[in-house]
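For reference, the chains in residue letters:
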There are 2 protein chains.
Amino acid sequence: MEFELNSSINILSQTPNTLSSLLTNLPESWLNSNEGAETWSPKQILNHLVHGERTDWVSRIKVILSENDDKSFKPFDREGSVIVRDKSILQILDDFRIEREKSLAFLFSLEIKETDHMKTGVHPEFGEVTLKQLISTWAVHDLGHIAQICRVLAKQYKEEVGPWVNYLSILTR
Amino acid sequence: MEFELNSSINILSQTPNTLSSLLTNLPESWLNSNEGAETWSPKQILNHLVHGERTDWVSRIKVILSENDDKSFKPFDREGSVIVRDKSILQILDDFRIEREKSLAFLFSLEIKETDHMKTGVHPEFGEVTLKQLISTWAVHDLGHIAQICRVLAKQYKEEVGPWVNYLSILTR
């Protein structure tokens, strides 16, 4: 599929609802369970998404579209803000919804044209990347973490499904 | 996590909203794209979920809780109804919502008690399985297909993300 700004924005706009639907009405124990050592719980994944909205995606778009000569991105702290502070899931879901709305409002305000899609910034590891790649990555990053949350939740029932574990590939990934 | 009927029902109740959120407002081309030969598109996955509601989960619960001596399940046609007929995504999402509501209304009407959790039916492949295992599987099956839909959607941008493909494990699974 070729990059399309509207499709990407649609995916990004839907994520707050998708996450609310997945994570509301679950007991706290599910929200704090992970896949084992060095893995994240649904609450930690959600905090990571909030952190990305606050520090990463929009600031990199700004760099790409700025008039500055220096187009280097700040490295993104991928472990940043993963620590679950004393917030309820509803508060973090709200934080994410608000931050995402702000990000998208900013994105709309830019009136990005097709000629902007190939503008570039400099990634600390990969070097030159385009606006199109950055926005595509933002959407795929959402989908990846929604899938991860499903997997973390599913794994809590790994024993409980009994012999069906053989049919449920999400449990053995 | 130990099986809990309420948590399982919560997961099952949320799936229609989660799927609507993920699949509304996307262009038809995304809804019909898959991961390559012999893989399903989001629309086909959704049809599979509708088919499961109509023919599989509830009928197996009935078998387990029935007074009959014969407790064997009918084999589930896992490829059944995957063919996309001439229905829009909104129609299939609606079908799923209605079928899931019916399933859950039926589940509530059973007033399942903890003493029922270990009642058994006979799976065509695994032999004896419990009600608890069946309901856990139903919830995990939902989560597996939500994750699969995220993955199928994400893969449509596999080229578009450029060098970020290395950071996005959902694209290489």
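Further up the page is the structure itself.
The present account deals with the structure reproduced in this document. (Residues numbered from 1 in each chain as written. Chains lettered and ligands numbered in written order. Predicted model: local features only at pLDDT ≥ 70, side-chain atom pairs only at ≥ 80, totals over all residues. Heavy atoms only, no water.)

1. Section: the pattern of salt bridges
Tallying each qualifying case throughout the model produces 22 salt bridges over all chains. In this structure, the salt-bridge partner of E160(B) is K132(A), at a minimum N-O distance of 3.6 Å. One end of the pair, E160(B), is in the segment after α6 (131–155); the other, K132(A), is in helix α6 (residues 131–155), on a second chain. We classify E160(B) as buried; its relative accessible area is 11%. Within this structure, E35(A), R151(A) and K155(A) form a network of salt bridges that share partners. (Salt bridge = Lys/Arg side-chain N within 4 Å of Asp/Glu carboxyl O. Helix = DSSP H or I, 4+ residues; strand = E, 2+ residues; numbered from the N terminus. Buried < 20%, exposed > 50% of the residue type's maximum accessible area, 1.4 Å probe, protein only.)

2. Quick notes on the packing of aromatic side chains
For the coordinates displayed, the defined rule picks out 10 aromatic pairs over all chains. Seen in terms of ring centroids, W57(B) and W138(B) are 5.9 Å apart; in terms of plane orientation they differ by 10°. Their pairing is stacked. Within this pair, whereas W57(B) is found in helix α4 (residues 57–65), its partner W138(B) is found in helix α6, the two being separated by 81 residues in sequence. W57(B) sits in the buried class, given a relative accessible area of 6%. Members of the aromatic cluster, connected to one another through ring pairs, are F3(A), W30(B) and Y157(B). Looking at K62(A), its charged tip hangs above the ring of F106(A), at a distance of 5.1 Å from the centre. (Phe/Tyr/Trp six-rings, centres within 6.5 Å; stacked < 30°, edge-to-face > 60°. Lys NZ or Arg CZ within 6 Å of the ring centre and 35° of its normal.)

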